[in-house]
Amino acid sequence: MGMTMTQKILAHAAGLETVEAGQLIEAELDLVLGNDITSPVAIHEMDKFEKKDVFNKDKIALVMDHFIPNKDIKSAEHCKCVREFACKHDITNYFDVGKMGIEHALLPEQGLTVAGDVIIGADSHTCTYGALGAFSTGVGSTDMAAGMVTGKAWFKVPSAIKFNLTGKLSPWVSGKDVILHIIGMIGVDGALYKSMEFTGDGIASLSMDDRFTIANMAIEAGGKNGIFPVDEKTTAYMKEHSKRAYQVFEADADAVYEEEYTIDLSKLEPTVAFPHLPENTKTITEITEDIVIDQSVIGSCTNGRMEDLRTAAAILKDRKVAKNVRCIVIPATQTIYLQAMEEGLLKIFIEAGAVVSTPTCGPCLGGYMGILAEGERCISTTNRNFVGRMGHVNSEVYLASPAVAAASAVTGKISAPAELGL
Amino acid sequence: MKANGTVFKYGDNVDTDVIIPARYLNSSDPAELAEHCMEDIDKDFIKNVKKGDIIVANKNFGCGSSREHAPIAIKAAGVSCVIAETFARIFYRNSINIGLPIIECREAAEAIEAGDQVEIDFDLGLIKDLTKGTEYKGQAFPPFMQKIIASEGLINYINAAK
Ligand code: SF4
């Protein structure tokens, strides 16, 4: 029986010839990740181990991103706990204020994740690195603690759903629309426990940033991971960002998939997920009423990358954010921030009446900055629109691409760039 | 091991943001997290929950973030078990790793109502609705996970294996 791409990577990491869906395995880890919310819990758990050393100080990444620069005393205590831990164990990849970025944008950019890796992170969007052809999945703090000590984790080998992508995206349609379309189609538990394997000749036209966005939201369909094959764009990206050796795995021709879908990218339209689930999607043409917004957020581990900012800037250039709208732009990493500055994008945002923030998760999880009041409505390039996600339980989050979020900031209601004559 | 308690019932896709909203994640103290458990979906939960009580929900319980604070908050609130039709995978994993018993059982999740008195025998995977006089068989854990639960969590399990 053939193996999927995910199964091949897992078999390799477990030192096995073959694995099959449902099998419990123990795999060697290439990277263990934690952030300022989950790491303190893991560090506390680590105290319970008889062996208290980390398995490899180079293979742990600790990223302070959710509540930093610290929003209050408690979050400052959390970061202090992680900082002391990183210092004590001489953790190579510790990212604090000034060096940080949102973890899932930062790690690939810093070259810490490459094809063939097995990565666990105490953050659900760890699945992002599947864009590079790695197996990566979110776990909790106890798994993170065990991973930091043993360098291993247990997995149940997932079955898979295959998404065959064909054609090419239309202008102003991006990776975000692809993944929102898929989640709308299969539901928030449509890929529960499974890997989402993307294949097809449509992939070649997707940029790496598009692929990161798509893999990032696999968890929003319940997926264990999302994974892309490795092509020239992937290898070029890895060569630019990483010195690490990578390993390319391909699915067998006779790999078994529980379901298969074909998606013609050229047919996709800008897509918006309505409150309070990412599966409540409508295409822009299906939205007939005016949905007036109070805030537009452009950022997060889903859409805070260079291409996202360029798209938003192309729309906001020589335009103004609508009178009653707050537009918040958050470059995902310091490198992206700097590049956006050099390209003149920050000037465009500020002249349009948006604010530009230091890299942080901030409003994405209702952590701080950009919190919604009762009854307020936000269009956001983030990945979750659960009840109370960005603030008051009676506030609303609509998920969309950077193009839609930027266009909506200008019109003051949910809009595609076409409404601006673009 | 057995549990016995009153049921709190919820629907599909109960996410980690309503189990423990991110605004409280600047703490990792179980007791403090428990104070806000389920706050955004059921304000009265924490007022009414008693030690040993049981949560029953439908599909995809615990979807969303990887925050272990979610099962920790539920456990610290005194809940003895969560029964659901399905669980989101990270929540499932986290619950096992911290030793919060959870059971997947579609029939039980559909039939059991809020306020019912329910008894669970974990060794047999048996769920009894004492109010209704009905019985359900939940999905048993694979032996490997049973060992983790019996060791009261992943860390003790790893320590013992050394
Ligand atoms: S940007 Fe949002 S989804 Fe991404 S890691 Fe931060 S809080 Fe989580």
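Bear in mind the structure is a predicted one, so any value in this text is a computation, not a measurement. (Residues numbered from 1 in each chain as written. Chains lettered and ligands numbered in written order. Predicted model: local features only at pLDDT ≥ 70, side-chain atom pairs only at ≥ 80, totals over all residues. Heavy atoms only, no water.)

1. Describing the overall build of chain A
Rules: Runs of H or I in DSSP of at least four residues are treated as helices and runs of E of at least two as strands, each being numbered from the N terminus. The reference for a compact globule is 2.2 Å times residues^0.38; the radius of gyration itself is calculated from the C-alpha atoms. Residue burial is assigned from relative accessible area. The probe radius is 1.4 Å, only protein chains are included, and a residue is buried under 20% of its type maximum, exposed over 50%, and partly exposed in between. Residue contacts are counted whenever heavy atoms from the two residues lie within 4.5 Å of one another. Per-residue and other accessible areas follow the Shrake-Rupley method at a 1.4 Å probe size, with only the shown protein chains counted as cover for residues.
For chain A, the count of helices and strands is 13 helices and 18 strands. At 20 Å, chain A has a C-alpha radius of gyration in line with the 22 Å of a compact globule built from 422 residues. If one aligns the C-alpha atoms of chain A with their principal axes, the spans along those axes are about 60 × 50 × 40 Å. Across the 422 residues of chain A, 64% fall into the buried class. Intrachain contacts of chain A at a sequence separation of at least 6 include 76% that bridge at least 24 residues. For chain A, the computed accessible surface area is about 14600 Å², with 51% contributed by carbon and sulfur atoms.

2. Side note on the site of the ligand
All names here are of chain A. Quick reminder of the rule: We call a residue near a given molecule or strand whenever any one of its heavy atoms falls within 4 Å of it. The definitions used throughout rest on a 1 Å grid laid over the protein atoms alone, on which a cavity is an enclosed set of points accommodating a 1.4 Å probe that cannot get out and a pocket is an open set flanked by protein within 12 Å on both sides along at least five of seven lines; lining residues are those having an atom within 4 Å of a point. If over half the atoms of a molecule are within 2 Å of the grid points of a cavity or pocket, the molecule is regarded as sitting in it. Three categories are distinguished: nonpolar for Ala, Val, Leu, Ile, Met, Phe, Trp, Tyr, Cys and Pro, charged for Asp, Glu, Lys and Arg, and polar for the others, with Gly belonging to the last. Each domain's limits were defined by an automated method or a database of domain assignments.
In the vicinity of the ligand lie 13 residues, with His125, Cys301, Cys361, Cys364 and Asn383 positioned nearest. Placement of the ligand is best described as lying within the largest cavity. Contributing elements (two or more residues each) for the shell around the ligand: α4 (103–109) and α9 (300–303). Classifying every residue of the shell around the ligand gives five nonpolar, five polar and three charged. Counting contributing residues per domain, the shell around the ligand is built from domain 1 (5–264) and domain 2 (272–420), each supplying no fewer than three.

3. Re the confidence of the model for chain B
All names here are of chain B. Let me state the cut-off plainly: pLDDT measures the predictor's confidence residue by residue and takes values from 0 up to 100.
Considering every residue of chain B, the mean pLDDT works out to 92; 99% of them sit at 70 or more. Helix α7 (residues 143–150) is the least confidently modelled element of chain B, averaging 77 in pLDDT, while strand β2 (residues 54–57) averages 98, the highest of any element. Here the predicted complex scores 0.95 on pTM and 0.90 on ipTM.

4. What about the sheet that holds strand β11 (residues 259–264) of chain A?
Residues and elements named next belong to chain A. Just so we agree on the cut-off: Here the rule is simple: two strands pair whenever DSSP picks up at least two bridges between them. Each axis is a line fitted through C-alpha atoms, taken for helices only over the stretch in contact, and angles between the N-to-C directions span 0 to 180 degrees.
In spatial order, the strands read β10-β9-β8-β11; together these four strands make up an open sheet with parallel pairing. Looking at the sheet topology across the chains shown, the edges are occupied by β10 (225–227) and β11. Geometrically, the sheet is characterised by an average inter-axis angle of 20° between neighbouring strands, direction not taken into account. By the bridge criterion, five bridges tie strand β8 (residues 160–166) to strand β9 (residues 195–199) in an arrangement that is parallel. Within β9, the residue paired with Ala160 across the bridge is Ser195. Where helix α1 (residues 5–14) meets the sheet, its contacts fall on β9 and β10, and the angle it forms with β10 comes to roughly 105°.

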